[in-house]
Amino acid sequence: MPKSQSHSIDPEGVVFLPVSGKLVIARFITAVIGALLVLAITAVPLILHRSGVWAGYPAWLAWLAPIIVVVILLWEMILIPRQVRAIGYAERDDDLLIRGGIMFRRVMVVPYGRMQYVDVTMGPLERMLGLSTIHLHTASPGTNALLNGLPAAEAGRLREQLSARGEAKLAGL
Amino acid sequence: MSEQFFQEQPFRTDAPEQWHRVHPVSPLVRGWVAVVAVMFVFGRNSLDSIFSGDGIEGALPTPGGMAFLIMVLVVAASAVIFGLAFFLSWRFTRYQVTDDHVHINSGVVFRQQRRARIDRVQAIDVVQPLLARAFGLAELKFDVADGGKSAMRLSFLKLAEAKRLRAAILARAAGLSVDPLAPTEVAEAPESHVLALKPARIIGAAVFSGTTVTALLVVGAVVVATVWSGELGILVAAVPLFIGLAASYWKAITGDFNFRIALSPDGIRLHYGLLETRAQTIPPGRIQAVGISQGPMWRPFGWYKVHVNVAGYGADSSDHGSRTVMLPAGTLAEVMAVLGLVFPDPGVENPFEVFTAGLKGPGNREGFVHSPPSARWLDPFAWRYNAFRATQTALLCRHGRIVRRLQVVPHERTQSLGLHQGPLMAVLGLASFELHSTVGPIRPLVRHMSVANSLALFNEQAARAATARRIHRDEKWLASAAPQELPEETENGD
């Protein structure tokens, strides 16, 4: 069984399942598109400067902005695979555990009996890669239980499983 | 029975085709501000035109008479328009209380049909604005746990009728409709007095509040500015500020005036208000979390404020947020009395000592576990105050040194749990524990515990919440519990 990368605030004795590795691709694509947009904007002064329209603009500043964007993109590229490996979930008898984050780590437990409804969504990019996102809602707005990058079949199975267990263990508010 | 008066009659739930109307005066009570505003604007304009016409032209009777006629016509027209609008609004508002649901239909152009499941009713208020009190009317307002959407209102009913409906809805919500001889009859549950706050306390609480700090700052700034510049215009310009401050004092004092708490079998009942009075009923087990707080100005007096989370009150800020206040300013003994109502079973042998340690801190007396010394870097003052303690039935979270807070969440009301760790906390070996409750003023959080302690808390709390949920499965709190209460109640109600 594949195991998700572990870190120090994980509860002991719980085996977290990792999400799909394709989430890395999805996040890469999002990051690259975002970076290209910002790059296009920050490149305007550089083009103007190089073409001589705006010769007075300082050359170092014209180069600096796009370089920063590229550096941030590279940093994200390094980080994304680790971030995706850090996401994990575990189904226990009474509750579902979700965890994520490297720098800012979090672990969350959502009891089946407290679930009000379960959302399964699929964006265009996710559909291309066959992924979906599952979002659990309780009566509390603080429950931000979002699980990205599940394979579509696994998301469907999890949703059915959660609904069935939720009904079996349903408690009032 | 049949010869007693109206309010003594037993309540009967309605058949599907049976509907009731609210009191005919209600649209006026609700819309009088609009009427007065229109009257004022038109009236002033017409009066102006009469007087200015008289003054300038000198031809006394004709223009003055014309203006008067126009004024009468305007008044008559607005009376007809308002009258018609009010009549239609009354005519199209109907309600019905069946065994399982409350239905309210309203709206002339945009029809609205609302239906609430009675067993999901979280709390009921009986509200009497000033004008409604003059007519002996009351508004019935009840919250359903539906993620903070607006509450359902029935405005206005006769006070006795509103109370009867409240009793009936609460009794159904409690699952009390089990009398086989008269399955649709309900008697109103009697109240027993718990505590009342004296006017001096309410005024004192308002005087020693954040408003006063703001007021002093504002007055100081205005005086300094006036003296420094020598311009009296600044004083005049600050008048709206003073009016705003006075209004917030006024609201704080009139809102909580005559605050008293009573206990009735259908729940905890809070009465308060000077001009607009409100009787708020929270059925047992509907309180999701309790927060007790004390600012530095209240410490010499030993006063505390008690807030509650009730599902359904959540995002409803229409009533200046006072609905979530369980006790505006109480002494330690009064706070304990309120906690006794909210949590009849505190889950420890010495609840007074434990809760006092939770309110006062610091350190780890009475089983409280506070942050490790490494948390000093993040909370230099409060690290020995930030602590938690789990009892058999609830989790107590204490924090803050300047403003002291204690949050109490019963295990069976835990929605979900979270554990967080930022980079700095990772270096110091800390983690924060968060407990998610329903929407409300209380967001329970245990900050900066050692990783081992917070992990243990996380695991144990998940297990405790699961166990508590299995025990407290039932929403209808009277159906299973205490059948010996019922005969007493019907005796008192007769």
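Each chain has its residues counted from 1, running along the sequence as written. Chains and ligands are labelled sequentially in the order written, the chains with letters from A and the ligands with numbers from 1. With the structure being a predicted model, the display of local features is reserved for residues of pLDDT at least 70 and the display and counting of side-chain atom pairs for 80 or more, all residues being used for whole-chain, interface and lining totals. Side-chain numbers here rest on the full set of heavy atoms in the structure, without hydrogens or water.

Caption draft 1: Geometry of the overall build of chain B. Numbering of helices and strands runs from the N terminus, with a helix taken as a DSSP run of H or I at least four residues long and a strand as a DSSP run of E at least two residues long. Looking only at helices and strands, chain B has 14 helices and 21 strands in total. Only protein chains enter the area calculation, which uses a 1.4 Å probe; residues under 20% of their type maximum are buried, those over 50% are exposed, and those in between are partly exposed. Scored against the burial criterion, the 494 residues of chain B give a buried share of 46%. Contacts: residue pairs with any heavy atoms within 4.5 Å of one another. Taking the contacts inside chain B whose residues are at least 6 apart along the sequence as the reference set, 59% of them involve residues at least 24 apart. When the accessible surface of chain B is split by element, carbon and sulfur atoms take 64% of a total near 24100 Å². Methods summary: accessible areas were calculated by the Shrake-Rupley approach with a probe of 1.4 Å, and residue burial reflects only the protein chains presented.

Caption draft 2: Region of the structure containing the sheet that holds strand E5 (residues 117-121) of chain A. Residue and element names in this part refer to chain A. Strand pairing is assigned whenever DSSP identifies at least 2 bridges connecting the two strands. The strand order across the open sheet built from three strands is E5-E6-E7, with neighbouring strands paired in antiparallel fashion. Each of the sheet's edge strands pairs with one partner strand only, and the pair in question is E5 and strand E7 (145-151). Across the sheet, the axes of successive neighbouring strands diverge by a mean angle of 20°, strand direction being ignored. Of the pairings in the sheet, the one linking E5 to strand E6 (residues 131-137) comprises five bridges and is antiparallel in character. Bridge pairing links threonine 121 to threonine 133 in E6. Sheet contacts for helix H4 (residues 152-168): E5, E6 and E7; angle to E7, the most-contacted strand, approximately 135°. Convention adopted: a line fitted to C-alpha atoms gives each axis, helices being fitted over their contacting stretch, and angles between N-to-C directions are expressed from 0 to 180 degrees.

Caption draft 3: Geometry of unusual backbone geometry. All names here are of chain B. Cis geometry marks the peptide bond from serine 155 to phenylalanine 156, where omega comes out at -5°. When you line up the elements, phenylalanine 156 lands in strand E7 (residues 152-158). Of note, asparagine 258 is a non-glycine position whose phi angle comes to about 60°, a positive value. Within the element layout of this structure, asparagine 258 appears in the loop between helix H8 (239-256) and strand E9 (260-264). The phi torsion at glutamate 366 lies on the positive side, around 55°, for a residue other than glycine. Take glutamate 366: it is sitting in the loop between helix H10 (351-360) and strand E15 (369-370).

Caption draft 4: Highlighting the sheet that holds strand E12 (residues 287-294) of chain B. Residue and element names in this part refer to chain B. With antiparallel pairing, the seven strands of this open sheet are ordered in space as E14-E13-E12-E18-E17-E16-E15. Every interior strand has two partners, whereas the edge strands, strand E14 (325-330) and E15, have only one. For E12 and strand E13 (residues 304-310), the ladder comprises six bridges, and the chain directions are antiparallel. Bridge pairing in E13 links glycine 291 to histidine 307.

Caption draft 5: Summary view of the interface of chain B and chain A. The interface of chain B with chain A comprises 33 residues on the first partner and 29 residues on the second. Counting each side, the surface lost to burial between chain B and chain A is near 2500 Å², with a carbon and sulfur contribution of 55%. Within this document, salt bridges are pairs made up of a side-chain nitrogen of Lys or Arg and a carboxyl oxygen of Asp or Glu, the two lying within 4 Å of each other. One can count one salt bridge joining chain B with chain A. Across the pair aspartate 94 of chain A and arginine 470 of chain B runs a salt bridge whose closest N-O atoms are separated by 2.8 Å. Identification of polar contacts relies on pairs of N or O atoms within 3.5 Å, with a donor-acceptor requirement for protein atoms, meaning one able to donate a hydrogen and the other able to accept it, and with residues adjacent in sequence counted only if both atoms are side-chain atoms. Linking chain B with chain A are nine residue pairs in polar contact (both at pLDDT 80 or more). Mapped by element, the contributors of at least two residues to the side of chain B that touches chain A are strand E19 (416-421), strand E20 (430-436) and helix H12 (451-471) of chain B. The element best represented in the side of chain B that touches chain A is H12 of chain B, accounting for eight residues. Pairing of strand E4 (residues 105-111) of chain A with E19 of chain B involves five bridges; the strand directions are antiparallel. When the sheet's bridge partners are listed, valine 109 of chain A is paired in E19 of chain B with leucine 417 of chain B. Buried area is understood as the total, over both parts, of accessible area removed when two parts are fitted together, assessed with a 1.4 Å probe.

Caption draft 6: Structural view of the side chain of aspartate 379 of chain B. Residue and element names in this part refer to chain B. Mapped onto the fold, aspartate 379 is located in the loop between E15 and strand E16 (387-390). With no salt bridge to any partner, buried aspartate 379 finds its closest opposite charge in arginine 447, at an N-O distance of 5.9 Å. Within the structure, the side chain of aspartate 379 is placed 3.4 Å from the side chain of asparagine 386, a separation counted as a polar contact. Setting aside chain neighbours within four positions, we find aspartate 379 in contact with Asn386 and His448. Asp and Glu are treated as the negative residues and Lys and Arg as the positive ones, with His and the ends of the chain left uncounted.

Caption draft 7: The arrangement of H4 of chain A in detail. All names here are of chain A. With 17 residues, H4 extends 24 Å between its outermost C-alpha atoms, agreeing within 8% with the 24 Å of an ideal straight helix rising 1.5 Å per residue. Restricting attention to buried positions, one finds in H4 the residues Glu154, Ala155, Leu158, Leu162 and Gly166. Down the axis of H4, the smallest arc covering the buried residues is 95°, so these residues share one side. Exposed positions of H4 whose direction lies more than 90 degrees from the buried face are Ala153, Glu167 and Ala168. Take the residue count of a helix, subtract one, and multiply by 1.5 Å to get its expected span. Here the arc refers to the set of directions running from the helix axis out to each C-beta atom.

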